[in-house]
Amino acid sequence: MTNIIDGEAVAADIRKSLIDCVSQLGDAGVTPTLATVLMNNDPASQTYVSMKHGDCEEVGIETRDIKLDPDSKEAELFDIVDELNADEAVDGILVQMPLPSHVDERDVLRHITPEKDVDGFHPENVGRLVAGNPRFKPCTPHGIQKLLADAAVETEGADAVVVGRSNIVGKPMANLLMQKNGTGNATVTICHSRTDSLAEKTRAADIVIAAAGVPEMVDGSMLSPGVTVVDVGINRIETEDGSTLVGDVEYESAAKKAQAITPVPGGVGPMTRAMLLWNTVKAAAETASIDITLPWS
Ligand code: NDP
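Attention here is on the structure that accompanies the text. Since the structure is predicted, the reported quantities are computational estimates derived from the model, not experimental observations. (Residues numbered from 1 in each chain as written. Predicted model: local features only at pLDDT ≥ 70, side-chain atom pairs only at ≥ 80, totals over all residues. Heavy atoms only, no water.)

**Re the sheet that holds strand S5 (residues 159-163)**
Pairing within the open sheet is parallel, and its six strands lie in the order S1-S11-S8-S7-S5-S6. Every interior strand has two partners, whereas the edge strands, strand S1 (3-4) and strand S6 (187-191), have only one. Two strands pair when backbone bridges link them, and S5 and S6 are joined in this way by five bridges, in the parallel orientation. By the bridge assignment for S6, aspartate 159 is matched with threonine 187. (Pairing = 2+ DSSP bridges. Helix = DSSP H or I, 4+ residues; strand = E, 2+ residues; numbered from the N terminus.)

Here it is, written out as structure tokens:
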């Protein structure tokens, strides 16, 4: 029978454990605090930010909610980040993407102090991840690691195919899977839009992680029986009745082949949000030099 990996349930478990961690920090006089900076009028981004604030409230993390007019100068955003970097009460800083076209995303990510970079996108944190000494793992691949562990999916010696090579999902995911440790030790193939014979590669895989942003591009014909399928994609498509969310995997045919599969919604998405909380609590504990055990660390 196919194991339908329940990301909502795993994320809820992590949040529950984080409540204990936050309470331990509270006993030591520390309240983890996450600052979000939103510089666009995109309704989806506004929803993401407000969901992140709701999650923080649930586990006891304080939040700062900073909104900046999208027409503001880049320097104004840097000033805000500078203030947050210097503010000892702030443990984590998240600048919501996308940014307006006149702002260079890479410059902004470099501007956040690495110790507060709870997204894990600062070059120093990327380097540490690649070198096998991560400070903050990016939330989506980190969440996927936890889902695989919870579903007892063995990565050691497995052939893993990651479809997508973005800096936020594909590359860090591939890096985590190839690390020389118990949650890695996989042999990883990274595929992208120029990959030849994608289906041959996915059919040879024990684990397929689809993060291409192309609705239902991986179907059952591209998979071998017994595969584990992680669907990162979140794509809104038009239907006769309006619109619906689908992943990068054609669920029905893939589920027939898979021994385990994540659904969309309810798979990877909730874990991405939970791991932001995890990173924020870790940041607060490390800044205050308080030794706590984070869930499944
Ligand atoms: P990007 O658009 O940044 O990257 C997509 C990657 O997929 C690129 O490397 C691209 O290749 C590759 N790709 C595109 N088309 C194909 C194709 N036909 N065959 C093979 N590879 C292809 O996307 P993200 O990594 O940011 O996100 C991927 C998906 O995951 C999106 O649907 C996004 O919404 C979702 N997402 C979900 C999250 C969650 O929490 N569930 C979190 C983050 C993202 P190339 O490099 O050659 O262009």
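**Let's talk about unusual backbone geometry**
Put simply, methionine 97 and proline 98 share a cis peptide bond, and its omega is 0 degrees. Tracing the chain through its elements places proline 98 in the loop between strand S4 (92-95) and helix H4 (105-111). Residue proline 265 follows valine 264 across a cis peptide bond; omega there is 0 degrees. Tracing the sequence through the fold places proline 265 in the loop between strand S11 (258-261) and helix H10 (268-287). A positive phi is found at alanine 152, a non-glycine position, where the angle reads about 55 degrees.

**Regarding the nonpolar core**
With 49 residues, the main nonpolar core has Leu18, Ile209 and Val281 as its most contacted residues. The element best represented in this core is H10, accounting for 11 residues. For this core, the two domains that each supply at least three residues are domain 1 (27-134 + 271-287) and domain 2 (139-269). Not counting residues within four places of it along the chain, the set of residues in contact with isoleucine 209 comprises Ile144, Val161, Val162, Val163, Met173, Leu177, Val230 and Val232. Cys191, Leu223, Ala258 and Ile261 belong to the second-largest nonpolar core, a separate cluster that totals 17 residues. (Core = buried A, V, L, I, M, F, W, Y, C linked by side-chain atoms within 4.5 Å. Buried < 20%, exposed > 50% of the residue type's maximum accessible area, 1.4 Å probe, protein only. Domains from an automatic or database assignment. Contact = heavy atoms within 4.5 Å.)

**Observations concerning a negative patch on the surface**
On the surface, Asp69, Asp71, Glu76, Asp79, Asp82 and Glu83 cluster together into a patch of negative charge. Along the chain, aspartate 71 falls in the loop between strand S3 (62-67) and helix H3 (74-86). A relative accessible area of 71% means that aspartate 71 is categorised as exposed. (Patch = residues over 30% accessible without salt bridge, like charges linked within 9 Å, V, L, I, M, F, W, Y side chains within 5 Å. Areas by Shrake-Rupley, 256 points an atom, 1.4 Å probe, with all protein chains shown as cover. Salt bridge = Lys/Arg side-chain N within 4 Å of Asp/Glu carboxyl O. Lys, Arg positive; Asp, Glu negative; His and termini not counted. Charge placed at Lys NZ, Arg CZ, Asp CG, Glu CD.)

**Here we look at the pairing of S11**
Judged from the two bridges that link them, S1 and S11 form a sheet pairing that is parallel. When the sheet's bridge partners are listed, asparagine 3 is paired in S11 with alanine 260. Both strand S8 (residues 227-231) and S11 contribute to a ladder of three bridges, which runs parallel. Among the inter-strand pairings, valine 229 is bridged to a residue of S11, identified as isoleucine 261.

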